[in-house]
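These are the residues of each chain, in order.
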Amino acid sequence: MDRDALLRWYDEHKRDLPWRRTRDPYAIWVSEIMCQQTRVETVIPYYEKFLSRFPTPAALASAPEDDVMAMWSGLGYYRRARLLQKGAREVVASYGGQVPRDRDARLKLPGVGRYTAGAIGSIAWSEEEPVVDGNVMRVFARHFGIDSPLGAKETDARMWREAEALVRGPRPGDLNQSIMELGARVCRPRSPTCLVCPIAHGCVAKAEGRQAQLPVPKVKKAPRRVTLATVVATRDKRREILLVKQERALFGGLYMTPALEVKGAAPSEAHGRAALAPFGSGRIVSTGKVEHILSHRVMEVTVFLATHGRAKTNSLGRFVALDALHTIGVASLTKKILRSVDLL
DNA sequence: AATCCGGGGTT
DNA sequence: AACCCAGGATT
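Predicted model only: the values in this text are computed from it and were never measured.

Criteria and thresholds
- Residues numbered from 1 in each chain as written.
- Chains lettered and ligands numbered in written order.
- Predicted model: local features only at pLDDT ≥ 70, side-chain atom pairs only at ≥ 80, totals over all residues.
- Heavy atoms only, no water.
- Axes fitted to C-alpha atoms, helices over the stretch in contact; angles between N-to-C directions.
- Helix = DSSP H or I, 4+ residues; strand = E, 2+ residues; numbered from the N terminus.
- Parallel < 35°, antiparallel > 145°, perpendicular 65-115°, else oblique.
- Left-handed = near helix turned anticlockwise from the far one by under 90°.
- Contact = heavy atoms within 4.5 Å.
- Nonpolar A, V, L, I, M, F, W, Y, C, P; charged D, E, K, R; others polar.
- Domains from an automatic or database assignment.
- Salt bridge = Lys/Arg side-chain N within 4 Å of Asp/Glu carboxyl O.
- Polar contact = N/O pair within 3.5 Å; in protein donor to acceptor, adjacent residues only side chain to side chain.
- Buried < 20%, exposed > 50% of the residue type's maximum accessible area, 1.4 Å probe, protein only.
- Pairing = 2+ DSSP bridges.

**Student:** Requested: an account of the packing of helix H2 (residues 25-35) against helix H6 (residues 79-94), with residues and values cited.
**Tutor:** Between H2 and H6, the shortest axis-to-axis distance is 10 Å and the interhelical angle comes to 160 degrees. Comparing the axis directions of H2 and H6 gives the class roughly antiparallel. In this structure, H2 meets H6 at a crossing whose hand is right-handed. On H6, the residues touching Trp 29, Val 30, Ile 33, Met 34 and Cys 35 of H2 are Arg 80, Leu 84, Gly 87, Ala 88 and Val 91. Taken together, the residues that form the contact of H2 with H6 break down as eight nonpolar, one polar and one charged.

Structure representation (structure tokens):
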């Protein structure tokens, strides 16, 4: 693969992204975690807010988890945020507050896998460490004509071998970013613009006209459909709502209206009552339905309203003022539910 | 090796 | 409506 052509193209065409203005390994780390399975354009505002609120590992380590989740609210994959904070605490506890330059030490940080470790090492310190992400796999599959399915062990091994080979030499960080940038901007999933590709001359897929057939995707199964009943309990003239936080459930670490999964029967007011039961009782009236689609779930949520409620706070749940929602972590589904009953 | 974990932009 | 995004942890 033509390293020089890649670098020339990158120097000319790279996007001006906020984390490309720093070589602070902590800032790079934050950006890489945020970018996991998330579009760069989506990440930018979150990145800037997050770094100004938590500018160092020490700042992140000492912050309340709810503050961290609030900053992450809406980004998705909330475990990333909790693991990032855990990692920051390890950095403070074991490495004097400095992200370790040693690759093995970096790899032991929670939430840091092969990709992230390589990205931090190559970008922050110009270490010759490879990265393989979705962009890289697409570019490699086309360029080398790799037609085994993504996700298969042999495919994976081949991708990392190629990435190893590519990153040897000057400017490893820029080289890694150049392939990812190429995948994002030129060698796109559909309609790649091969006419402007700096390495089209060596591309097997282009030579054989197989750009649209590569890479061969992994087979994924249909998302599970789940039916949920949730109850919106208010007090103080609808200015406060009852929210619960569960660590290990869906949306772990975030606050949500009390909910339970409904199996078999259609959701009824009894389900709403049951969802509210741990916190008290109230008259339950059905209101409407909300659909929420995730990549691995299709959720149909029936929303119940508790009126004249005697719901009370306990260790599992608490009332939160609606105008303080932005201070805690809340999933998009929760906001959707609250909008459906005109609370937002 | 398969599954889980969010949300949203693109096509 | 399908696809998939600067992936990693868990089972």
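That covers the picture; the talk isn't over yet.
**Student:** Break down the domain arrangement of chain A for me, with residues and values.
**Tutor:** The domain architecture assigned to chain A consists of domain 1 (3-208) and domain 2 (224-340). In this structure, domain 1 and domain 2 have C-alpha centres spaced 36 Å apart. Contacts between the two partners involve nine residues from domain 1 and, on the opposite side, 16 residues from domain 2. One can count three salt bridges joining domain 1 with domain 2. Of the charged contacts in the structure, one is a salt bridge between Glu 65 and Lys 245, with a shortest N-O distance of 3.8 Å. Seen at the junction of domain 1 and domain 2, the total is four residue pairs in polar contact (both at pLDDT 80 or more). Sort the elements by how many residues they give to the side of domain 1 that touches domain 2 and helix H5 (residues 65-72) lands first, with five residues. Residue composition of the side of domain 1 that touches domain 2, by class: three nonpolar, two polar and four charged.

**Student:** Any chance you could break down the pairing of strand S6 (residues 297-307) for me, citing the residues and the numbers?
**Tutor:** Burial of S6 is extensive: eight of the 11 residues sit out of reach of the surface. Pairing of strand S5 (residues 283-293) with S6, which is carried by 10 bridges, proceeds in the antiparallel orientation. The residue bridging Val 290 from the neighbouring strand is Val 301, located in S6. Hairpin connection between S5 and S6: a loop of three residues separates the two successive antiparallel strands.

**Student:** So what's going on with the pattern of salt bridges? Residues and values would help.
**Tutor:** According to the stated counting rule, one finds 23 salt bridges in the structure shown. With a closest N to O distance of 2.9 Å, Glu 181 and Arg 20 form a salt bridge. In this pair, Glu 181 is assigned in helix H11 (residues 172-185) and Arg 20 in the loop between helix H1 (3-13) and H2, connecting sequence segments 161 residues apart. For Glu 181, a relative accessible area of 0% translates into the label buried. Between Arg 171 and Asp 174 there is a salt bridge; the shortest N-O distance is 2.8 Å. The class of Arg 171 is partly exposed, set by a relative accessible area of 34%. By relative accessible area, which is 23% here, Asp 174 ends up partly exposed. What you see here is one network of salt bridges that share partners, running through Arg 15, Arg 20, Glu 41 and Glu 181.

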